Each structure stands twice: as C-alpha cells, then as structure tokens.
Amino acid sequence: ILFVFGTQWERSVPIASVICASALLTTSYSLYGFSLTATGRIDVFMLSELVIQVARATILMSSIWLPLEPVVYMLVLASLIEATVAQFALKRWLGLSFGQLTKHTWRSFVLVPFAAAGPAVVMLGARAGWPLHGHWFMVLLFSSLLAVFGWLAGVWVTDHAMKSEVRGIVRRAGQVVRSAI
C-alpha cells in the first residue's frame, strides 16, 4: 500500500491486514464448491453460497451506516460464517472432517509465517530508521526477496508437497541455462 499509494494511505494498512488475516480463515475452503460440484451436489453448493453471500452482503450493506473500520472487522465474521458453512457441507456430503482437512493443509498454513517474517523485519527496520526509510521501492524489493526465500525455507522445513515442484523448476532452469551456454 505504501509503495503504490504513498504514505497518505498509511492509515489503511491495519485495515488491509485485517482483510488478509480474515482471508486465512477461508483459504482451506476455496475449492469446496468444485468438490461438491464434482460429486453432483451443486444443490448443496448453491445453498451454501446463498447463506454465505447473504451474510457477506448484509455486512457490506452496514457500511451505509457504519464507518469503514467496523465494517472491515465485521468481515471477519463473514469469513467465519463462510468457513463454518463450507465445513458443514464438506462434512455432511463428502465426509471430510475439519481434522482431516487440517491434516492435509497444515503445511501450507505454516508457510505463511515463513514468508512473512522477512518482510516484517524489513518494514520494522525501515520504520526504525534503517537506511531504507523512505525508499519504498527498496523496501518492496528486499521484502519480496526475503518473502521468496522465507517461503522456500518453509517448503523445505515442513517438507511441503511443493518441494518436488521447486526441485523440478530448478532442474529445468538448469537444463535451459546449460543448453544456452
């Protein structure tokens, strides 16, 4: 936000952080609709989405009367409703419990702090007066590089399924470089 829009938008950073954090609540359920549709339960998917979207629209309509900040915090409630409805549908129609879902997705969630640690240090340093202070492009560049390296470290530490994909990309890139030389 600071890089693209400048320091006059600094007030929106906590709001964007809340939106991002609430999105973490629903990440595991982003494909639940495809799962229900693939198993012939489009009716369950449509009913679930009706409940979810009515809740989300009701919260968003409250912005007519409420300031932005309370509405954004209420979007966390919408994310909780979405996760609850999606989990209910997955359990009821596919037999997938929250424990089973967590067992298969926990490594992906652990990657978040690995990827966020480097950028957090850079931002704290920039605010504390490190030489990067005020040079938002450099802050963005270093944050991005550290996020990639942090994510890669997390992939290796957690033995994430992406580890084989990363190895394949490195192997193919090495082949391209060797054939170009």
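Coordinates for the structure precede this section.
Residues numbered from 1 in each chain as written. Predicted model: local features only at pLDDT ≥ 70, side-chain atom pairs only at ≥ 80, totals over all residues. Heavy atoms only, no water.

**Student:** Is there a simple way to think about the overall build of the chain in this case?
**Tutor:** Looking only at helices and strands, one finds eight helices and zero strands in the chain. Secondary structure of the chain in N-to-C order comes out as α-α-α-α-α-α-α-α. Rg of the C-alpha trace for the chain: 21 Å, well past the compact-globule value of 16 Å for 181 residues, more than 25% over. Dimensions of the chain along its principal axes, counting C-alpha atoms only, are 55 × 50 × 30 Å. The 181 residues of the chain split such that 29% are buried. Long-range pairs, those at least 24 residues apart, make up 58% of the contacts in the chain with a sequence separation of at least 6. In the structure as shown, the chain presents an accessible area of about 11,800 Å², 73% of it carried by carbon and sulfur atoms. Placing the 13 positive and 7 negative side-chain charges of the chain at their respective mean positions leaves the two points 11 Å apart. (Helix = DSSP H or I, 4+ residues; strand = E, 2+ residues; numbered from the N terminus. Rg over C-alpha atoms; globule rule 2.2 N^0.38 Å. Buried < 20%, exposed > 50% of the residue type's maximum accessible area, 1.4 Å probe, protein only. Contact = heavy atoms within 4.5 Å. Areas by Shrake-Rupley, 256 points an atom, 1.4 Å probe, with all protein chains shown as cover. Lys, Arg positive; Asp, Glu negative; His and termini not counted. Charge placed at Lys NZ, Arg CZ, Asp CG, Glu CD.)

**Student:** Would you take a moment to explain a nonpolar patch on the surface for this structure?
**Tutor:** Together, Phe-137, Met-138, Leu-141, Phe-142, Leu-145 and Phe-149 give the surface a local cluster of nonpolar side chains, amounting to about 560 Å² of exposed area. Its place among the elements puts Leu-141 in helix H7 (residues 136-158). A relative accessible area of 36% means that Leu-141 is categorised as partly exposed. (Patch = residues over 30% accessible without salt bridge, like charges linked within 9 Å, V, L, I, M, F, W, Y side chains within 5 Å. Salt bridge = Lys/Arg side-chain N within 4 Å of Asp/Glu carboxyl O.)

**Student:** Is there a simple way to think about unusual backbone geometry in this case?
**Tutor:** Leaving glycine out, the prevailing phi sign among residues is negative, and the prevailing peptide bond configuration is trans. With a phi close to 55 degrees, Asp-159 is a non-glycine residue in the positive phi region. Topologically, Asp-159 is positioned in the loop between H7 and helix H8 (162-180). On the basis of relative accessibility, which here comes to 47%, the residue Asp-159 falls in the partly exposed class.

**Student:** Help me out: how do you make sense of helix H5 (residues 68-94) in this one?
**Tutor:** One turn of an α-helix holds 3.6 residues; hence residues three or four places apart share an orientation. Here H5 spans 38 Å end to end across 27 residues, near enough to the 39 Å set by a 1.5 Å rise per residue. All of the buried residues along H5 are Val-71, Val-72, Leu-75, Ala-78, Ser-79, Glu-82, Ala-83, Val-85, Ala-86, Gln-87, Ala-89 and Leu-90. Close packing links the buried residues of H5 with helix H2 (13-26), helix H3 (32-38), helix H4 (42-61) and helix H6 (98-127). Downstream of H5 by a residue or two, Gly-95 has a phi angle that is positive, lying close to 75 degrees. (Expected span 1.5 Å × (residues − 1).)

**Student:** Help me understand the environment of Leu-60 in this model?
**Tutor:** Tracing the sequence through the fold places Leu-60 in helix H4. Between the C-alpha atom of Leu-60 and that of Val-71, which follows or precedes it by 11 residues, the distance is 6.7 Å.

**Student:** Looking at this structure, how should I read the packing of aromatic side chains?
**Tutor:** The geometry of two aromatic rings is summed up by the distance between their centres and the angle between their planes. Across all of its chains, the model carries one aromatic pair by this definition. The interplanar angle of 70 degrees and the centroid separation of 5.6 Å between the aromatic rings of Tyr-32 and Phe-45 together place this pair among those described as edge-to-face. Highlighted residues: Tyr-32 in helix H3 and Phe-45 in helix H4, separated in sequence by 13 residues. Accessibility classification places Tyr-32 together with Phe-45 in one group, the buried group. (Phe/Tyr/Trp six-rings, centres within 6.5 Å; stacked < 30°, edge-to-face > 60°.)

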